[in-house]
Amino acid sequence: MNAEAILERIERAREKSGRSDKIYFAAVSKTRTVDEMKAAEKFTFIDFFGENRVQEAESKRKSYGQSRIPWRLIGHLQANKARKALEVFDTIDSIDTPALAERLGRIANELGRVIPVLIEVNTSGEESKSGVDPENFMPLLDAVISQQNLRLDGFMTVGPITDDEAEIRRAFASLRRLSEDARKKSGLPLPIVSMGMSGDFESAILEGSTLVRIGTLLFGPRDYTQKN
Ligand SMILES: *Cc1c(COP(=O)(O)O)cnc(C)c1O
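Residues numbered from 1 in each chain as written. Predicted model: local features only at pLDDT ≥ 70, side-chain atom pairs only at ≥ 80, totals over all residues. Heavy atoms only, no water.

**Q** How should the overall build of the protein chain be read in this particular structure?
**A** On a plain count of helices and strands, the protein chain comes out with nine helices and eight strands. In terms of overall dimensions, the protein chain is globule-like: its C-alpha atoms have a radius of gyration of 17 Å, near the 17 Å expected for 228 residues. With the principal axes as the frame, the protein chain shows a C-alpha extent of 40 × 40 × 30 Å. For the protein chain, the residues scored as buried account for 52% of the 228 residues in total. Of all intrachain contacts in the protein chain linking residues separated by at least 6 positions in sequence, the fraction that spans at least 24 positions is 60%. Carbon together with sulfur atoms contributes 48% to the accessible area of the protein chain, which is approximately 10900 Å² in total. The positive charge centre, built from 34 side chains, and the negative charge centre, built from 35, are 4 Å apart in the protein chain. (Helix = DSSP H or I, 4+ residues; strand = E, 2+ residues; numbered from the N terminus. Rg over C-alpha atoms; globule rule 2.2 N^0.38 Å. Buried < 20%, exposed > 50% of the residue type's maximum accessible area, 1.4 Å probe, protein only. Contact = heavy atoms within 4.5 Å. Areas by Shrake-Rupley, 256 points an atom, 1.4 Å probe, with all protein chains shown as cover. Lys, Arg positive; Asp, Glu negative; His and termini not counted. Charge placed at Lys NZ, Arg CZ, Asp CG, Glu CD.)

**Q** Would you mind going over the layout of surface pockets with me for this structure?
**A** One water molecule sets the probe size; rolling that probe over the atoms shows where empty space is left. The volume enclosed by the largest pocket comes to roughly 540 Å³. In terms of lining, the largest pocket is formed by 25 residues, of which the most central are Lys-30, Val-158, Met-197, Arg-213 and Arg-222. (1 Å grid on protein atoms, 1.4 Å probe; cavity = no way out; pocket = protein on both sides within 12 Å on 5 of 7 lines; lining within 4 Å. Points joined across faces, edges and corners; volume = space filled by probe spheres on them.)

**Q** What is the right way to read helix α1 (residues 3-17) from this model?
**A** Between its terminal C-alpha atoms α1 stretches 21 Å, which fits the 21 Å expected from 15 residues at 1.5 Å a residue. Along α1, the residues classified as buried are Ala-3, Ile-6, Ile-10, Ala-13 and Arg-14. End-on, the buried residues of α1 take up no more than an arc of 100°, which puts them together on one face. Turned more than 90 degrees away from the buried face of α1, the exposed residues are Glu-4, Arg-12, Glu-15 and Lys-16. (Expected span 1.5 Å × (residues − 1). Arc of directions from axis to C-beta.)

**Q** Help me understand helix α6 (residues 137-145), please; the structure alone is not making it clear to me.
**A** Note: α-helices contain 3.6 residues per turn, so residues at a spacing of three or four share the same orientation. All of the buried residues along α6 are Phe-137, Leu-140, Leu-141, Ala-143 and Val-144. When α6 is viewed along its axis, its buried side chains cluster within an angular range of 165° and face the same direction.

**Q** Help me understand the site of the ligand, please; the structure alone is not making it clear to me.
**A** Val-28, Lys-30, Ile-74, Val-158, Met-197, Ser-198, Arg-213, Ile-214, Gly-215, Thr-216 and Arg-222 make up every residue found near the ligand. Taking Arg-213, its side chain carries an N or O atom lying 2.9 Å from a nitrogen atom of the ligand. A distance of 2.7 Å separates an oxygen atom of the ligand from a polar side-chain atom of Arg-222. Here the ligand loses 89% of its free accessible area of 390 Å² to cover by the protein chains. (Near = heavy atom within 4 Å. Polar contact = N/O pair within 3.5 Å; in protein donor to acceptor, adjacent residues only side chain to side chain.)

**Q** Hey, could you run me through unusual backbone geometry in this one?
**A** The bulk of non-glycine residues show a negative phi, and the bulk of peptide bonds are trans. Notably, Thr-31 is not glycine yet its phi reads approximately 70°, a positive angle. For Thr-31, the position within the fold is in the loop between β1 (24-28) and α2 (34-41). For Thr-31, a relative accessible area of 6% translates into the label buried. Positive phi is not limited to glycine here, since Leu-190 has a value of about 40°. Mapped onto the secondary structure, Leu-190 falls in the loop between α7 (165-186) and β7 (192-194).

Here's what the structure looks like:
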């Protein structure tokens, strides 16, 4: 585990950006075993686990037992898995349609819970990416805010697949701008701007990320053939 080196790089990017606010750290634990996650839990800088599949997270959470670390769903959520997702996860970070917001809100109401959520935005225009398109962002914002049993905490995006630093920065800057617009429009604090992964977290911090999601750099390369 390369914790020291990652923290140093986060700190350097923060200094370069002139920021002094906290940058939260999600350890992206998809494909990792419960034992690997428990070893990671000892690192106090880890604020969250990030998982991208409901089923995988469900089986791991069952055997995990008590955890000080909340689990975030950072992958696309299919409507038919909404109820299961609410049973397994503490937060849902990938709301991308009004219909999904309504369904999550209704189930949360049945469960008597208020669920912290993020809206996921497709800032790169890549077709393979999930997330709402920027032109549909404001209607989705209204739809999420109108759900009494959802608490909107902010926004998430996945950066473009490219080595072009300027293009990556542009995508992250666009999420920061949308989040500023949303704060003004809603009057809500909306503190979370979740962007930046192993390959691009420094660019994300320079553009205002308040939550980085790191998998590979922390745990090593993923082996998708091994399990799940
Ligand atoms: C897998 C994943 C990450 C982490 O990616 P790494 O490159 O391993 O750091 C972050 N965010 C999302 C949405 C992911 O699916």
